[in-house]
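The primary structure of each chain is shown beneath.
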Amino acid sequence: MSLASVTSITATLLVIGIFVMLALNFDYIATNIESQVEMKAFLVDGLGQDVIESMKKNVESLDGVKTVTFESKTQALEKFKEKFNNNSYLLEGLDDRNPLPDSLIVTMISPNNAKEISESISKMSDVENVVYGKEVLDKLLKITYALRVGCLLLIAVLLIISTFIIANTIKLTVFARRREISIMKFVGATDWFVRWPFIIEGVVIGIIGSIITVLALSSVYMYFVKTLSGSMLGIMSFTIMPFSEIVIDTTFFVTCIGIFIGFLGSVISVRKFLKV
Amino acid sequence: MSLASVTSITATLLVIGIFVMLALNFDYIATNIESQVEMKAFLVDGLGQDVIESMKKNVESLDGVKTVTFESKTQALEKFKEKFNNNSYLLEGLDDRNPLPDSLIVTMISPNNAKEISESISKMSDVENVVYGKEVLDKLLKITYALRVGCLLLIAVLLIISTFIIANTIKLTVFARRREISIMKFVGATDWFVRWPFIIEGVVIGIIGSIITVLALSSVYMYFVKTLSGSMLGIMSFTIMPFSEIVIDTTFFVTCIGIFIGFLGSVISVRKFLKV
Amino acid sequence: MTHFFCRIIKDFRSLCRNIILKGCDFLIRLNDVNKVFTDGHKVLNNINLHIQKGEFVFLVGSSGAGKSTLIKLMLKETEATTGKIVIDNEDITKMRRRYIPHLRRNIGVVFQDFKLLQEKTVYENVAFAMEVIEASPREVRRQVPIILSMVGLSKKYDLYPQQLSGGEQQRVSLARAMVNSPKILIADEPTGNLDPDTSREIMKLLVEINQRGTTILMATHAKDIVDNMKKRVVAIEGGRIVRDEMRGAYCRET
Amino acid sequence: MTHFFCRIIKDFRSLCRNIILKGCDFLIRLNDVNKVFTDGHKVLNNINLHIQKGEFVFLVGSSGAGKSTLIKLMLKETEATTGKIVIDNEDITKMRRRYIPHLRRNIGVVFQDFKLLQEKTVYENVAFAMEVIEASPREVRRQVPIILSMVGLSKKYDLYPQQLSGGEQQRVSLARAMVNSPKILIADEPTGNLDPDTSREIMKLLVEINQRGTTILMATHAKDIVDNMKKRVVAIEGGRIVRDEMRGAYCRET
Ligand SMILES: Nc1ncnc2c1ncn2[C@@H]1O[C@H](COP(=O)(O)OP(=O)(O)OP(=O)(O)O)[C@@H](O)[C@H]1O
Ligand SMILES: Nc1ncnc2c1ncn2[C@@H]1O[C@H](COP(=O)(O)OP(=O)(O)OP(=O)(O)O)[C@@H](O)[C@H]1O
Ligand SMILES: [Mg+2]
Ligand SMILES: [Mg+2]
């Protein structure tokens, strides 16, 4: 019968594990995308090298700023040309009267700070304008927030469901052995004497289930990482979480849940049949 | 003991149901996004109204074309201005020498046909150029394909896992009643006499589980649709699947699985204990 | 020479036996049955037992002699290692699995450990045996109370086995065995948990059933009962039939 | 006037009884015990039973009289509806749940339905009862074989209950009840599945244990045994004690 419990607990842990991995990856990717959000501070024309350097220092010293890079007019035009190479007729004659300004490109630790940073930078002298796609960023933040909450909710729901399933499995195992339990009690066994073996069994089953789950999940993940890094990664603007990082989190999470469920399931299930 | 089976089957169906809903939605959104992909056929300058009309007809008659709209030079410039209102200095002096051509905007039934359509249109006379963001579209198609396959795989894995869990639950229920079964057989009951009640029980449990699952999932989904339509939908460039559509698919899917699992689980589980 | 002579006699005897046996209307026929359990323990050793229709046979022998095993063989609860078992003209050693229910419906059994369904009441336990053979509900409703009153349990019909005394459970088991008026009634220790008075009642009942034509095979340790009844007694010891007397007693008459 | 007189006598008698009872070393004391099951069936009716240390008591009565119920009360397997049950100077009707194991360890019981663990071998079933009271493994290894040979099962030590005959299972149950040398040994029909010879062996064993100081209460239907032993006999009928004789027989001596 332990076989049934092991497969049940493994199956459940697998579902949770898959979800945890998806959630971790999702969070990883979201953070990644968020960190790619840039802010552009357009500068007035014709500033000296030293002024720009000191401005860069000033911006860098602001709270929440990660990196600051200078982009000259010419560089900006190059980029622009690259971007619009399809509609090249637009750029005719731009070379001689380049309308693009010098700028500082600012990346932030978290896009949540964008507003304050942009305000601080705007107030500096020689800054003409600060641009960071307010609406786009707001949308992105809202979406990632919603998806993060959704992920957490889903995992919580899955946890509850799994606990149900496991508790039922263990309850049925114990039910099948109710006669055994009652006989033990008739012979004078204390509650704990009867309970211990079940609890140990539950925890062991939990551990076995966790090990199987972790092995299965991590080998599948490893395979994914390998195949994806070859084909898909180039296409998308993000990478999935590296194996070494996710495996620790998942192992920790899955093992904890496995042991916890095994333990709790046994304790709860045995209780009912001890009343003899 | 049926309570245990009902909760187990419900729990499992819930997990599958959530996934089916996510997958359906994902597919819906992907199709939606894909269908938003447009193709632009730039025309030579100064075509008459009738020529344009006949070209429109020609393009419409192509396989896989959904809609065709004409966009004049002037309209195109308006749009362009709107798009770049941040960098308005770019547009200075464009009004008097509008470089943008007339164009036909083509939407497709499926972006998979993009290549052929674009080739057909290119061959027409008076068409200067056909643009449809080949690389972007390719990327999009690859990503949605990968995600679709992933979804299906995940559901398949979940199905297998669930069948395991349910089979175990039923096996344990039957195991708890193994004495009963053997006694029936000793009294002269045929295999089918013993089996029927279990099968009926299994199917009924499957149906009950399905009903609970469908009710739970659809009420949650309805709630989601309501709250999302208010706040989130405006932000994203897509809508989630309408309630009436998803509820039918999900009900069908979940009920089939529930009944199937209940039936199969019973048959398999009883078999072992009939050998008396 | 002697050896040869012996063999002829042996052959002749077995020939005669076969002719005689074929002629008679034996309901139960065990020929050279052996039963060896997987652990190598030889529980039944060359059992030859023939029971005619309508007989009343006591099966006696010390604890662990092999009585219950013999009964289990007849029900195909366990398989004979070698030998032939014919019940109601069917060789059950070769019987296919799906005909086993048919066999068991012809044999009512009082099991030594009762084998009652814990989730069913007394009434349901007995009714169940009728439902199995697809008796009509009307017949069930008519027959079950009659049988229950015969074993003295009319008042306990809606109790569960857990709520019955040992003797009462034993009587439910007997009621269930009798309810379909089987051709053969096998009772394994049916009075083990009954006081002498109730035992006597039960024995009266069995005799009555026997007189109506049911063949009865009863394994028992109740010396008084066997001695009083003066019926056929088959004694098993260490897996062998050591005695088979037509009007026997529990112990060998000395 | 007569009424008043009667009451005085009654009071005096109960007073005397109480004094006498207090003085004696009663191991089991049941005062005015009633047991009514939830379905309203009154199974035990005002039972007063006092058993001294070292006594050997037969509990007789027809099937369903209430013998097993009485035993179940002493084990707190079921609760008395009213009345007081004192075992080894402890009022078990007020005993807290977690002291029940302690109570049961002092009482060895042969259950009417054996109550053996199906997943354990004969040896393990007996050893288990010792492990429960935390006996050392060395002691277990020493004691269990001795007990098994006493009940004649040395050779069957590694079989499972399913592989034993009814009588053998009964003897395993007895071995388990004896193995901890309990103060009280309660046996419910311990010879119901045993042939006369084996029964006699078992009774010898019980007498021996009794002589070593164990109090024995044995519910039985075996008239021969009760009549031969000439021990105290308590007869229950319809939930009442109808007879309590010091050197009694199975039936009322007429
Ligand atoms: N599955 C088995 N494996 C090994 N030995 C078995 C098995 N079943 C029965 N035996 C042995 O066969 C012997 C005969 O058992 P059986 O139940 O036939 O005895 P019995 O005559 O009915 O005894 P009792 O009167 O005590 O019921 C016993 O010694 C038992 O240990
Ligand atoms: N849980 C219960 N609910 C209702 N009635 C019960 C319950 N348990 C026992 N009884 C009834 O109590 C009566 C006495 O049962 P008990 O087991 O004490 O009899 P007994 O003297 O041991 O009989 P036997 O010799 O047949 O074993 C029986 O008639 C039984 O039906
Ligand atoms: Mg037997
Ligand atoms: Mg009893």
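Owing to the predicted nature of the structure, the values given are computational and were not obtained by experimental measurement.

**Student:** Teacher, can you tell me more about the overall build of chain C here?
**Tutor:** Scanning chain C from N- to C-terminus turns up eight helices and ten strands. For chain C, buried positions account for 54% of its 254 residues. Taking all contacts inside chain C whose residues are at least 6 apart in sequence as the whole, residues at least 24 apart take part in 67%. Counting every atom, chain C has about 12300 Å² of accessible surface; 51% of that belongs to carbon and sulfur.

**Student:** Before we go on, may I ask you to explain the site of ligand 1 in this structure?
**Tutor:** Near ligand 1 lie 22 residues; those nearest to it are S68 and T69 of chain C together with K156, S165 and G167 of chain D. Each of chains C and D places residues near ligand 1. G66 of chain C is positioned such that a nitrogen or oxygen atom in its backbone is 2.9 Å from an oxygen atom of ligand 1. H221 of chain C places a side-chain nitrogen or oxygen 2.8 Å from an oxygen atom of ligand 1. Considered on its own, ligand 1 offers 640 Å² of accessible surface; in the complex 94% of this is hidden by protein. Secondary structure elements with two or more residues in the shell around ligand 1: helix 2 (67-74) of chain C together with helix 6 (166-178) of chain D.

**Student:** Which parts of the structure should I look at to understand the site of ligand 2?
**Tutor:** Taken together, the neighbourhood of ligand 2 is formed by 22 residues, with K156 and G167 of chain C together with K67, S68 and T69 of chain D sitting nearest. The environment around ligand 2 is built from residues contributed by chains C and D. Contact distances for ligand 2 include 3.2 Å between an oxygen atom and a backbone N or O atom of G166 of chain C. Residue S68 of chain D places a side-chain N or O atom 2.6 Å away from an oxygen atom belonging to ligand 2.

**Student:** What is the right way to read the coordination of the magnesium ion (ligand 3) from this model?
**Tutor:** Reference geometry at the metal: tetrahedral coordination by four donors gives ideal angles of 109.5 degrees; octahedral coordination by six donors gives 90 or 180 degrees. Residues and elements named next belong to chain C. Here the magnesium ion (ligand 3) is held by the protein donor atoms S68 (OG) and Q112 (OE1), which lie 1.8 to 2.2 Å from it. With S68 in helix 2 and Q112 in the loop between strand 6 (107-110) and helix 4 (122-132), this residue pair connects regions lying 44 residues apart in the sequence. Judged by its relative accessible area of 15%, S68 falls in the buried class.

**Student:** I tried to follow the confidence of the model for chain C on my own but got confused; where do I start?
**Tutor:** When pLDDT drops low, the exact placement of atoms in the prediction is not to be read closely. Across chain C, the average pLDDT comes to 89, with 90% of residues at 70 or higher. As a predicted assembly, this complex carries a pTM of 0.77 together with an ipTM value of 0.77.

**Student:** Help me understand a nonpolar patch on the surface in this model?
**Tutor:** Residue and element names in this part refer to chain A. A cluster of nonpolar side chains, namely W192, W196, I200, V204, I208 and I212, defines an oily patch on the protein surface of about 570 Å² accessible area. Structurally, I200 can be placed in helix 7 (residues 191-230). On the basis of relative accessible area, I200 is assigned to the partly exposed category, the value being 47%.

**Student:** Is there a simple way to think about the interface of chain C and chain B in this case?
**Tutor:** The interface is formed by 16 residues belonging to chain C together with 15 residues belonging to chain B. Counting each side, the surface lost to burial between chain C and chain B is near 1600 Å², with a carbon and sulfur contribution of 63%. Among the residues of chain C in contact with chain B, R97, R104 and F128 of chain C are the three that bury the most area, contributing 34% of the side total. Where chain C packs against chain B, one counts four residue pairs in polar contact (both at pLDDT 80 or more). Of all the elements in the fold, those that place two or more residues in the side of chain C that touches chain B are helix 3 (100-105) and helix 4 of chain C. Here the residues of the side of chain C that touches chain B are counted per class, giving seven nonpolar, one polar and eight charged.

**Student:** Would you mind going over unusual backbone geometry with me for this structure?
**Tutor:** A negative phi angle characterises most non-glycine residues, just as the trans form characterises most peptide bonds. Residue and element names in this part refer to chain C. Phi at F114 is positive, roughly 65 degrees, even though this residue is not glycine. Counting through the fold element by element, F114 comes out in the loop between strand 6 and helix 4. Not every positive phi belongs to a glycine, and K115 is a case in point at roughly 50 degrees. Position of K115 relative to the elements: it lies in the loop between strand 6 and helix 4.

**Student:** When you look at the sheet that holds strand 5 (residues 90-91) of chain C in this model, what are you seeing that I'm missing?
**Tutor:** In any sheet, the strands associate via hydrogen bonds between backbone groups, in a parallel or an antiparallel arrangement. All names here are of chain C. Spatially, the four strands line up as an open sheet ordered 2-1-4-5, and their pairing is antiparallel. Every other strand in the sheet has two partners, leaving strand 2 (42-52) and strand 5 as the edge strands with one partner each. Here strand 4 (residues 82-87) pairs with strand 5 via two bridges, running antiparallel. Paired with V86 across the bridge in strand 5 is D91.

**Student:** Help me understand the nonpolar core, please; the structure alone is not making it clear to me.
**Tutor:** Looking at soluble globular proteins, one finds that nonpolar side chains tend to be buried together. With 177 residues, the main nonpolar core has F58 of chain C together with F58 of chain D as its most contacted residues. Apart from the residues lying within four places of it in its own chain, the contact partners of F58 of chain D are M203, M218, T220, I225, V226, M229, K231, R232, V233 and V234 of chain D.

**Student:** Teacher, can you tell me more about helix 6 of chain D here?
**Tutor:** Owing to its 3.6 residues per turn, the α-helix aligns residues three or four sequence positions apart on the same side. With 13 residues, helix 6 of chain D ought to run about 18 Å at 1.5 Å a step, and its terminal C-alpha atoms sit 19 Å apart, in line with that. For helix 6 of chain D, the buried fraction is high: 13 of the 13 residues fall into the buried class.

**Student:** Just to check I follow, could you spell out the environment of L194 of chain D for this structure?
**Tutor:** Residues and elements named next belong to chain D. The topology assignment puts L194 in the loop between strand 7 (184-188) and helix 7 (196-211). Relative accessible area serves as the criterion here: at 3%, L194 is assigned to the buried category. Between the C-alpha atoms of L194 and G166, which are 28 residues apart in sequence, the distance is 8.0 Å.

**Student:** What should I look at first to understand the packing of aromatic side chains in this one?
**Tutor:** The relation between two aromatic rings is expressed through the spacing of the ring centres and the mutual angle of the planes. Enumeration according to the criterion identifies ten aromatic pairs over all chains in this entry. The interplanar angle of 55 degrees and the centroid separation of 6.0 Å between the aromatic rings of F175 of chain B and F273 of chain B together place this pair among those described as tilted. Pair noted here: F175 of chain B is in helix 5 (residues 134-176) and F273 of chain B is in helix 8 (residues 243-273), with a separation of 98 residues, a long-range link. Of the two residues, F175 of chain B and F273 of chain B, both sit in the buried class. Here the basic side chain of R195 of chain B rests over the ring of W192 of chain B, its NZ or CZ set 4.1 Å away from the ring centre. Lying over the aromatic face of F111 of chain D, K115 of chain D brings its terminal NZ or CZ to 5.3 Å of the ring centre.

**Student:** Please explain the domain arrangement of chain C as it appears in this structure.
**Tutor:** The extent of an interface is frequently quoted as the accessible surface area lost upon association of the parts. Residues and elements named next belong to chain C. Each assigned domain of chain C is listed with its residue range as follows: domain 1 (34-106 + 182-249) and domain 2 (117-180). Here the C-alpha centre of domain 2 lies 23 Å away from the C-alpha centre of domain 1. Contacts between the two partners involve 15 residues from domain 1 and, on the opposite side, twelve residues from domain 2. Roughly 1100 Å² of surface becomes buried between domain 1 and domain 2 when both sides are summed, with 69% attributable to carbon and sulfur atoms. For domain 1, the biggest contributors to the area lost against domain 2 are R105, P182 and L205; these three give 42% of the whole.

Analysis parameters
- Residues numbered from 1 in each chain as written.
- Chains lettered and ligands numbered in written order.
- Predicted model: local features only at pLDDT ≥ 70, side-chain atom pairs only at ≥ 80, totals over all residues.
- Heavy atoms only, no water.
- Helix = DSSP H or I, 4+ residues; strand = E, 2+ residues; numbered from the N terminus.
- Buried < 20%, exposed > 50% of the residue type's maximum accessible area, 1.4 Å probe, protein only.
- Contact = heavy atoms within 4.5 Å.
- Areas by Shrake-Rupley, 256 points an atom, 1.4 Å probe, with all protein chains shown as cover.
- Near = heavy atom within 4 Å.
- Polar contact = N/O pair within 3.5 Å; in protein donor to acceptor, adjacent residues only side chain to side chain.
- Donors = N, O, S within 2.8 Å, 3.2 Å for Na, K, Ca; no water.
- pLDDT = per-residue confidence, 0-100.
- Patch = residues over 30% accessible without salt bridge, like charges linked within 9 Å, V, L, I, M, F, W, Y side chains within 5 Å.
- Salt bridge = Lys/Arg side-chain N within 4 Å of Asp/Glu carboxyl O.
- Buried area = accessible area lost by both parts, 1.4 Å probe.
- Nonpolar A, V, L, I, M, F, W, Y, C, P; charged D, E, K, R; others polar.
- Pairing = 2+ DSSP bridges.
- Core = buried A, V, L, I, M, F, W, Y, C linked by side-chain atoms within 4.5 Å.
- Expected span 1.5 Å × (residues − 1).
- Phe/Tyr/Trp six-rings, centres within 6.5 Å; stacked < 30°, edge-to-face > 60°.
- Lys NZ or Arg CZ within 6 Å of the ring centre and 35° of its normal.
- Domains from an automatic or database assignment.

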